[in-house]
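Okay, here's what each chain looks like letter by letter:
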Amino acid sequence: MRSEVTVTLSPEQEFRFDLEGAEPLSNEEARRWLDAEFVRLDCEPLRPSGKVLLADKVLVVAANAGRALLSDATWSQQFARATRAALERETVRIDIPAMAVTF
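Residues numbered from 1 in each chain as written. Predicted model: local features only at pLDDT ≥ 70, side-chain atom pairs only at ≥ 80, totals over all residues. Heavy atoms only, no water.

## Some words on the pairing of strand β2 (residues 13–18)
The pairing of strand β1 (residues 4–10) with β2 spans six bridges and is classified as antiparallel. Paired with Val7 across the strands is Phe15, a residue of β2. Hairpin remark: β1 followed by β2, antiparallel, with two residues in the connecting loop. (Pairing = 2+ DSSP bridges. Helix = DSSP H or I, 4+ residues; strand = E, 2+ residues; numbered from the N terminus.)

## Structural notes on the packing of helix α2 (residues 54–70) against helix α3 (residues 73–87)
Interhelical geometry of α2 versus α3 gives an angle of 170° and a closest axis separation of 11 Å. One element, α2, and the other, α3, form an angle in the roughly antiparallel class. Across the interface between the two elements, Leu54, Ala55, Val58, Val61, Ala62, Ala65, Leu69 and Leu70 from α2 touch Trp75, Ser76, Phe79, Thr83, Ala86 and Leu87 from α3. Split into classes, the residues belonging to the contact of α2 with α3 amount to twelve nonpolar, two polar and no charged. (Axes fitted to C-alpha atoms, helices over the stretch in contact; angles between N-to-C directions. Parallel < 35°, antiparallel > 145°, perpendicular 65-115°, else oblique. Contact = heavy atoms within 4.5 Å. Nonpolar A, V, L, I, M, F, W, Y, C, P; charged D, E, K, R; others polar.)

Right, dumping it as structure tokens:
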């Protein structure tokens with residue numbers, strides 16, 4: 001089965017991260033990394049209640065990272081590994097314009 005994370009910033013700009021053979025993270029490591037990036041990138045919760053679902057966290061971290069961090073090979077590989085492990089899915093598609101995470 002293919003293992004990859006795809007982030008669409010716009011119809012013209014898509015980033016695909018192939019995770020075949022990448023060292024897996026534990027679910028706990030992935031969640032810690034995403035939590036740290038959520039804070040570091042000054043992300044805001046999507047829901048008015050302030051509750052942050054894991055898929056929401058992945059979405060806003062990707063959105064706040066933008067082209068600059070998604071183009072950084074080291075950061076983007078870590079983001080993709082954390083996304084796969086935290087969401088426990090081999091294939092994840094993050095669509096920023098649609099504000100959607102699909103599997």
